[in-house]
Amino acid sequence: MAKVHVFNAGPCILPQAALDASIEAIKDFKGTGVSLLSISHRTKEWEATMNECRALWKELLNIPDDYEVIFLGGGASLEFLYVAMNFLEKKAAYLDTGVWAHKALKEAQGLGEAYAIACSKDKNYTYIPKGYEIPSDLDYFHITTNNTIYGTEIKEDMDCPVPLIADMSSDILSRPVDVSKYTLIYGGAQKNAGPAGVIFAIIKKDALGKVSRYIPTMLDYRTHIDKESMFNTPPVFSIFVMNETLKWVKAQGGVEAVHKINLKKAETLYTEIDRNSMFVGTAEKEDRSIMNVCFVMAPGKEDLQDEFFAFAKERGMIGIKGHRSVGGFRASIYNACSQEDVDALVACMQEFENLHK
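Calculation criteria
- Residue positions are given per chain, counted from 1 along the sequence in the order it is written.
- Where totals are concerned, whole chains, interfaces and linings use all residues; where local detail is concerned, this predicted model gives features only for residues with pLDDT of at least 70, and gives and counts side-chain atom pairs only at 80 or more.
- Heavy atoms throughout the structure, all of them, feed into the side-chain values; hydrogens and water do not.
- The pairing test for Phe, Tyr and Trp rings, Trp by its six-membered ring, is centres within 6.5 Å, and the orientation test on the planes gives stacked under 30 degrees, edge-to-face over 60, and tilted for anything in between.
- Secondary structure counts use DSSP, requiring at least four H or I residues in a row for a helix and at least two E residues in a row for a strand, with both numbered from the N terminus.
- Working definition: with a 1.4 Å probe on protein chains only, accessible area under 20% of the residue-type maximum means buried, over 50% means exposed, and in between means partly exposed.
- Two conditions define a charge sitting above a ring: the NZ of Lys or the CZ of Arg must be within 6 Å of the ring centre, and it must be within 35 degrees of the ring normal.
- To define a nonpolar core, start from buried Ala, Val, Leu, Ile, Met, Phe, Trp, Tyr and Cys residues and group those joined through side-chain atoms within 4.5 Å.
- We call two residues contacting when some pair of their heavy atoms lies within 4.5 Å.
- Axis lines are fitted to C-alpha atoms, over the contacting stretch for helices. Their N-to-C directions set the angle, which ranges from 0 to 180 degrees.
- With respect to orientation, any angle under 35 degrees is reported as roughly parallel, any angle over 145 as roughly antiparallel, any angle of 65 to 115 as roughly perpendicular, and every other angle as oblique.
- Rotating anticlockwise by less than a right angle from the far helix to the near helix defines a left-handed crossing, while the corresponding clockwise rotation defines a right-handed one.
- Under this grouping Gly is polar, as are all residues other than the nonpolar Ala, Val, Leu, Ile, Met, Phe, Trp, Tyr, Cys and Pro and the charged Asp, Glu, Lys and Arg.
- Patch membership requires over 30% relative accessible area and the absence of a salt bridge. Like charges are linked within 9 Å, and nonpolar side chains (Val, Leu, Ile, Met, Phe, Trp, Tyr) within 5 Å.
- Only the protein chains shown count as covering a residue, and every accessible area follows the Shrake-Rupley method with a 1.4 Å probe.
- By definition, a salt bridge exists where a carboxyl oxygen of Asp or Glu is found within 4 Å of a side-chain nitrogen of Lys or Arg.
- Counting of polar contacts relies on pairs of N or O atoms within 3.5 Å, with two restrictions inside protein: one atom must be capable of donating a hydrogen and the other of accepting it, and residues adjacent in sequence are counted only when both atoms are side-chain atoms.

Engineer: Would you mind showing me how to read the packing of aromatic side chains here?
Structural biologist: Aromatic ring pairs are reported here in terms of the distance separating the ring centres and the angle at which the planes meet. As enumerated under the stated definition, the model contains 17 aromatic pairs in all. Plain terms: the ring middles of Y125 and Y150 are 5.1 Å apart, the flat faces sit at 55° to each other, and that makes the pair tilted. With Y125 in the loop between β4 (113-119) and β5 (140-144) and Y150 in the loop between β6 (146-147) and β7 (152-153), this pair connects stretches of sequence that are 25 residues apart. Owing to a relative accessible area of 8%, Y150 belongs among the buried residues under this scheme. Between F309 and F329, the ring centres sit 4.7 Å apart and the planes meet at 55°, which makes this aromatic pair tilted. Of this pair, F309 sits in helix α8 (residues 305-314) while F329 sits in strand β14 (residues 329-332), and the two are 20 residues apart along the sequence. Assigned by exposure class, F309 and F329 land together as buried. The ring of Y127 is capped by K123, whose NZ or CZ atom sits 5.9 Å from the centre of that ring.

Structure (structure tokens):
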């Protein structure tokens, strides 16, 4: 079978080492004679895996001691509600940089006063708003650091006068993060940290318990901190694969080393988009994501879009179709996407250009 190059926006491509370990664990989990898919989450073997996974998160991101890491089900969309339930007392502000940021805001508005402090919808979310002021009377300020649909990213950890909460679903572990600047970092694993089915949440513990509302047991972060993410049966398989993915990141040299690789991949692909007469990037250059590279056919070449999709597919390019709401192309170059994969896409784009000169 010819090699394929996977650029899916999520579920993401996973490291081969994580896949291989998961296959073996499905057959026999840690020599127990029981499949990972059948193992009890109350066994010492599973508890050791949970502990290792938490420890790897803390090590890779240099998470301070006053933070806790928990693993939950439900996807980042459920986290939108978790955030407001646990932190919204009087008023919160959101930076509206795309579909997921807007959905997070909508969930908060169902529980209290929440508003968009700035929004980039006027240009179809192709830039990150700047120049706004964050009021000091907010319960929290919420950002979505990477916008998968539009290919924009907040690449630095901002100073914030109020508790800062970030959805880092699609760029976590892709760059170093100063966790101490955030009250909460959360996200679905399936963009960069593992398979679908588990959420990670990195929480400053003393920030909890400040709201007066009743919080349902399952939506209270304290429940899951107290029970070490096992108040109910955790998503065992997804956490195992996450753990193996974190081990792979560590083996690459950690987040700092992976970040350098990611920067090179992004530079390679963006340079070709800017050079190639057939394509044009859609995001503002200063805000371009290093995880999701979005582009379209150049003006006058739009009728060649379907031809390029077919051309690229024949050459093993998987998952480059843009989100249905914006069209065009999107190459998601998450951590496990290699430089070889990016080089293959660039060669494909160059070959297509040569055919139409």
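Engineer: Just checking my understanding: could you explain the nonpolar core for this structure?
Structural biologist: Generally speaking, a soluble globular protein has its nonpolar side chains buried in company with each other. Counting residues in each nonpolar core, the largest one holds 52 residues, and the members touching the most others are W57 and F141. No other element matches helix α6 (residues 236-251), which puts seven residues into this core. Apart from the residues lying within four places of it in its own chain, the contact partners of W57 are I63, V69, F71, I172, L173, A193, F200, I202, M242 and L246. Among the nonpolar cores identified, the runner-up in size contains 35 residues, and Y270, I273, A331 and A344 belong to it.

Engineer: It is not clear to me how the packing of helix α1 (residues 16-27) against α6 should be interpreted in this structure. Could you clarify?
Structural biologist: α6 packs onto α1 with a crossing angle of 140° between their chain directions and a minimal axis gap of 8 Å. Between α1 and α6, the crossing angle belongs to the class labelled oblique. Crossing of α1 over α6 shows right-handed handedness. Only F237, F240, V241, E244, T245 and W248 of α6 make contact with α1, whose side of the interface consists of A17, A18, A21, S22, A25 and I26. Taken together, the residues of the contact of α1 with α6 break down into nine nonpolar, two polar and one charged.

Engineer: It is not clear to me how a nonpolar patch on the surface should be interpreted in this structure. Could you clarify?
Structural biologist: A surface patch of nonpolar side chains, amounting to about 250 Å² of accessible area, comprises I26, L37 and F237. Tracing the chain through its elements places F237 in helix α6. According to the relative accessible area criterion, F237 is partly exposed, its value standing at 31%.

Engineer: What am I meant to see in the pattern of salt bridges here?
Structural biologist: Any two side chains of opposite charge can pair if their charged atoms end up close together. In this structure the tally under the stated criterion is 17 salt bridges. Salt-bridge contacts for E244 lead to K247; the nearest nitrogen and oxygen are separated by 3.0 Å. Residue E244 and its partner K247 are located together in helix α6, separated by three residues, close to a single helical turn. Classification of E244 by relative accessible area gives buried; the value is 11%. A salt bridge links R275 to E353, with the shortest nitrogen-to-oxygen separation between them at 2.7 Å. With R275 in helix α7 (residues 255-275) and E353 in helix α9 (residues 339-355), the pair connects residues that are 78 residues apart, well separated along the chain. We classify E353 as buried; its relative accessible area is 5%. Connected through salt bridges with shared partners, the residues K130, E286 and D287 form a single ionic network.

Engineer: What is the right way to look at the side chain of H41 in this model?
Structural biologist: As for its position among the elements, H41 is in the loop between α1 and α2 (44-60). What makes H41 buried here is its relative accessible area of 14%. Side-chain polar atoms of H41 contact the side chain of R42, separated by 3.4 Å. Apart from the residues lying within four places of it in its own chain, the contact partners of H41 are W46, E47, M230, T233, P234 and V236.

Engineer: In this structure, what is going on with the packing of helix α3 (residues 75-87) against helix α4 (residues 99-109)? I would like to understand it.
Structural biologist: For any two helices packed against each other, one specifies the crossing angle of their axes together with the interaxial distance. α4 packs onto α3 with a crossing angle of 45° between their chain directions and a minimal axis gap of 8 Å. Comparing the axis directions of α3 and α4 gives the class oblique. Both α3 and α4 take part in a crossing whose hand is right-handed. Judged by residue contacts, S77, F80, L81 and A84 of α3 engage W100, K103, A104, E107 and A108 from α4. Classifying every residue of the contact of α3 with α4 by side-chain character gives six nonpolar, one polar and two charged.

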